[in-house]
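Examination of the molecular architecture
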Amino acid sequence: MISEEQRAALIQAALAVRAKAYAPYSNYPVGAALLMEDGSIITGVNVENASYGLSMCAERTAVFKAVSQGQQKFLAVAVVTDNAGSPCGACRQVLTEFAGDVPVYLVDAGGNGRDTTLYALLPDHFGPEHLT
Ligand code: THU
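Conventions used here
- Residues numbered from 1 in each chain as written.
- Predicted model: local features only at pLDDT ≥ 70, side-chain atom pairs only at ≥ 80, totals over all residues.
- Heavy atoms only, no water.
- Buried < 20%, exposed > 50% of the residue type's maximum accessible area, 1.4 Å probe, protein only.
- Helix = DSSP H or I, 4+ residues; strand = E, 2+ residues; numbered from the N terminus.
- Arc of directions from axis to C-beta.
- Contact = heavy atoms within 4.5 Å.
- Expected span 1.5 Å × (residues − 1).
- Near = heavy atom within 4 Å.
- Polar contact = N/O pair within 3.5 Å; in protein donor to acceptor, adjacent residues only side chain to side chain.
- Nonpolar A, V, L, I, M, F, W, Y, C, P; charged D, E, K, R; others polar.
- Pairing = 2+ DSSP bridges.

Let us look at helix α3 (residues 89–96). For α3, every residue scored as buried is listed here: Cys91, Arg92, Leu95 and Thr96. All buried residues of α3 lie within an arc of 135 degrees about the axis, which places them on one face of the element. Residues of α3 that are buried in the fold lie against β1 (31–36), α2 (58–68), β3 (74–80) and α4 (118–121).

Here it is in structure tokens:
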């Protein structure tokens, strides 16, 4: 279970890191924050490129940072955008590799939004269990 304090801290981290997004082409900055198993928070932002297709989403930045730091499992994720937008399909798939049906907090710039879960966003997903 995620406490109210953990939820608030996760959303705050995603709100804060969003200021570091590099999104000059879309003007759609995104901040993401993962609550890891050990209680730490690992954040990410979208990083765009003049060669547009090379851009990276905030959620995947956060996941790749976490794995690089030796942290794989996360317990919840917060995503902050202008309009509480939902993660793209690629990010849903990558997030699912490292979590179960965890809470996903979708939040707008004012701190409002909605709560969903990873499996609600990606039902009947392909996962590591299919390769064993
Ligand atoms: N973006 C994310 O960072 N996460 C998502 O789940 C959706 C889209 C980014 C990619 C691009 O930099 C900008 O938002 C507009 O698509």
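Additional details are given in the paragraphs that follow.
On to helix α1 (residues 4–17). Given 3.6 residues per helical turn, the α-helix brings residues three or four places apart onto the same face. Here α1 contains 14 residues, and its C-alpha end-to-end distance of 20 Å stays within 8% of the 20 Å for a straight helix at 1.5 Å per residue. Next to the buried residues of α1 lie β1, β2 (41–45), β3 and β4 (103–107).

With that out of the way, let us pick up the environment of Phe126. Positionally, Phe126 belongs in the segment after α4. On the basis of relative accessibility, which here comes to 47%, the residue Phe126 falls in the partly exposed class. Separated by 30 residues in sequence, Phe126 and Thr96 have C-alpha atoms that sit 8.7 Å apart. The contacts of Phe126, once residues within four sequence positions are left out, are Gln93 and Leu131.

This part takes up the site of the ligand. The local shell around the ligand consists of Ser26, Tyr28, Val30, Asn46, Glu48, Cys57, Ala58, Glu59, Pro87 and Cys88. One nitrogen or oxygen atom from the side chain of Asn46 is found 2.9 Å from an oxygen atom belonging to the ligand. Here Glu48 contributes a side-chain N or O atom positioned 2.5 Å from an oxygen atom of the ligand. A class-by-class count of the residues in the shell around the ligand yields six nonpolar, two polar and two charged.

Pairing geometry for β4 and strand β5 (residues 113–117), over five bridges, is antiparallel. Paired with Tyr105 across the two strands is Asp115, which belongs to β5. Two successive antiparallel strands, β4 and β5, enclose a turn made up of five residues, where Gly111 displays a positive phi of approximately 90 degrees.

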